[in-house]
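Here's the letter readout for the chains.
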Amino acid sequence: AQTVTQSQPEMSVQEAETVTLSCTYDTSENNYYLFWYKQPPSRQMILVIRQEAYKQQNATENRFSVNFQKAAKSFSLKISDSQLGDTAMYFCAFISYNNNDMRFGAGTRLTVKP
Amino acid sequence: DGGITQSPKYLFRKEGQNVTLSCEQNLNHDAMYWYRQDPGQGLRLIYYSQIVNDFQKGDIAEGYSVSREKKESFPLTVTSAQKNPTAFYLCASSPGPGLSNQPQHFGDGTRLSIL
């Protein structure tokens, strides 16, 4: 079974600074997708960014970008120009191309300080 | 607007009682999921269903049961066999097999507590 590891339980960053959240995963599959979700205090799960494993180009969504290293099975999230509204739990998730069994990491609690 | 509706938002269970959490979606998605989230932790998969009348156990299925009689509905029953049911439960859906690049859509969750 696939596993997803987020090694940073908590992180903080000053407003307007840049922060990187780490995620590694373990799989024997070659075709899969990776996601970052944000869960603010409201507990809604909000999709931040997605990456297809067959694409070498790193995904970017406004202030959010990823560093996808397929060989190293690493999928980090970079948040630029951090805003107070970015304060939330961030979850890394993996799903195989062949099924719908999505796996989540344990999460990183990010606090953006004014 | 299409989405996922979970009810109730808060639920209390007495000792020895079974309770059922509702999850309805109008997104025409084939796949539906139930996750459990404990304080400060990630999501753990309880059950998922890829099509009607079919479902698979996730990592922590013991003490839970599900049904998928309709595409739109995927209720979760927390049985008396689940000794530590206090948690936040999230339901999700996605388009289905072969469309794994589509993200899961989540409901707003149900918080279950023991009386």
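Everything below is about the structure printed above this text.
This structure is a prediction, so every number in the text was calculated from the model and none was measured.

As for the overall build of chain B
Summing up its helical and strand segments, chain B has zero helices and 11 strands in all. The N-to-C order of helical and strand elements in chain B reads β-β-β-β-β-β-β-β-β-β-β. Computed over the C-alpha atoms, the radius of gyration of chain B is 13 Å, within 12% of the 13 Å expected from 2.2 N^0.38 for a compact globule of 115 residues. In terms of overall dimensions, chain B has a C-alpha envelope of 40 × 25 × 25 Å along the principal axes. Sorting the 115 residues of chain B into buried and exposed places 51% on the buried side. Here the contacts in chain B between residues at least 6 apart in sequence split such that 53% fall between residues at least 24 apart. Split by element, the accessible area of chain B, about 5,400 Å² in all, is 46% carbon and sulfur. Taken together, the 11 basic and 11 acidic charged side chains of chain B have centroids lying 7 Å from each other.

What to know about the packing of aromatic side chains
Tallied over the full model, the rule gives 15 aromatic pairs over all chains. Look at B:Tyr47 and B:Phe55: their rings are 5.9 Å apart centre to centre, the planes differ by 80°, and that puts the pair in the edge-to-face class. On the accessibility criterion, B:Phe55 (36% relative accessible area) is partly exposed. In this structure an aromatic cluster arises from ring pairing among A:Phe35, A:Tyr37, A:Phe104, B:Tyr33, B:Tyr35, B:Tyr48 and B:Phe106. One residue, A:Arg43, lies across the ring of B:Phe88, its end atom 4.0 Å from the ring centre. The lysine or arginine in question, B:Arg68, covers the ring of B:Phe74, its NZ or CZ lying 6.0 Å from the ring centre.

Remarks on the pairing of strand S5 (residues 32–39) of chain A
Residue and element names in this part refer to chain A. When you tally the buried positions in S5, you get eight out of eight residues, the bulk of the element. Burial along S5 is two-sided: Tyr32, Leu34, Trp36 and Lys38 facing one way and Tyr33, Phe35, Tyr37 and Gln39 facing the other are all buried. Bridging between S5 and strand S10 (residues 88–96) involves eight bridges; their strand directions are antiparallel. Opposite tryptophan 36, over in S10, you have cysteine 92 as the bridge partner. As paired strands, S5 and strand S6 (residues 46–52) are joined by six bridges and run antiparallel to one another.

Section: the pairing of strand S4 (residues 31–37) of chain B
By the criterion of burial, S4(B) is predominantly enclosed, with seven of the seven residues buried. Neither face of S4(B) is open: one carries B:Ala31, B:Tyr33, B:Tyr35 and B:Gln37, the other B:Met32, B:Trp34 and B:Arg36, and all of them are buried.

So, the interface of chain A and chain B
Residue-level contacts link 24 residues of chain A with 26 residues of chain B. For the interface between chain A and chain B, the tally reads one salt bridge. Close ionic contact of A:Arg103 with B:Asp59 constitutes a salt bridge, the shortest N to O distance being 2.3 Å. Taken together, chain A and chain B are joined by five residue pairs in polar contact (both at pLDDT 80 or more). Contributions of two or more residues to the side of chain A that touches chain B are made by S5, S6, S10 and strand S11 (103–104) of chain A. Classifying every residue of the side of chain A that touches chain B gives 12 nonpolar, six polar and six charged.

Some thoughts on the environment of A:Thr60
All names here are of chain A. Looking at the secondary structure, you find threonine 60 in strand S7 (residues 60–61). Take threonine 60: its relative accessible area is 54%, and that puts it in the exposed class. Along the backbone, threonine 60 and isoleucine 49 are 11 residues apart, and their C-alpha atoms lie at a distance of 7.3 Å. If we skip the residues at most four places from it in the chain, threonine 60 touches Ile49 and Ser65.

Quick notes on the state of the cysteines
All names here are of chain A. Summed over all chains, the structure comprises two disulfides over all chains. The disulfide bridge from cysteine 23 ends at cysteine 92, spanning 2.0 Å between sulfur atoms. Across the S-S bond linking cysteine 23 and cysteine 92, the dihedral sits near -70°, which makes this disulfide left-handed. Remark: cysteine 92 occurs in strand S10 and cysteine 23 occurs in the loop between strand S3 (19–21) and strand S4 (24–26); sequence separation between them is 69 residues. Like cysteine 92, cysteine 23 is buried.

The rules we used
- Residues numbered from 1 in each chain as written.
- Chains lettered and ligands numbered in written order.
- Predicted model: local features only at pLDDT ≥ 70, side-chain atom pairs only at ≥ 80, totals over all residues.
- Heavy atoms only, no water.
- Helix = DSSP H or I, 4+ residues; strand = E, 2+ residues; numbered from the N terminus.
- Rg over C-alpha atoms; globule rule 2.2 N^0.38 Å.
- Buried < 20%, exposed > 50% of the residue type's maximum accessible area, 1.4 Å probe, protein only.
- Contact = heavy atoms within 4.5 Å.
- Areas by Shrake-Rupley, 256 points an atom, 1.4 Å probe, with all protein chains shown as cover.
- Lys, Arg positive; Asp, Glu negative; His and termini not counted.
- Charge placed at Lys NZ, Arg CZ, Asp CG, Glu CD.
- Phe/Tyr/Trp six-rings, centres within 6.5 Å; stacked < 30°, edge-to-face > 60°.
- Lys NZ or Arg CZ within 6 Å of the ring centre and 35° of its normal.
- Pairing = 2+ DSSP bridges.
- Salt bridge = Lys/Arg side-chain N within 4 Å of Asp/Glu carboxyl O.
- Polar contact = N/O pair within 3.5 Å; in protein donor to acceptor, adjacent residues only side chain to side chain.
- Nonpolar A, V, L, I, M, F, W, Y, C, P; charged D, E, K, R; others polar.
- Disulfide = S-S within 2.5 Å.

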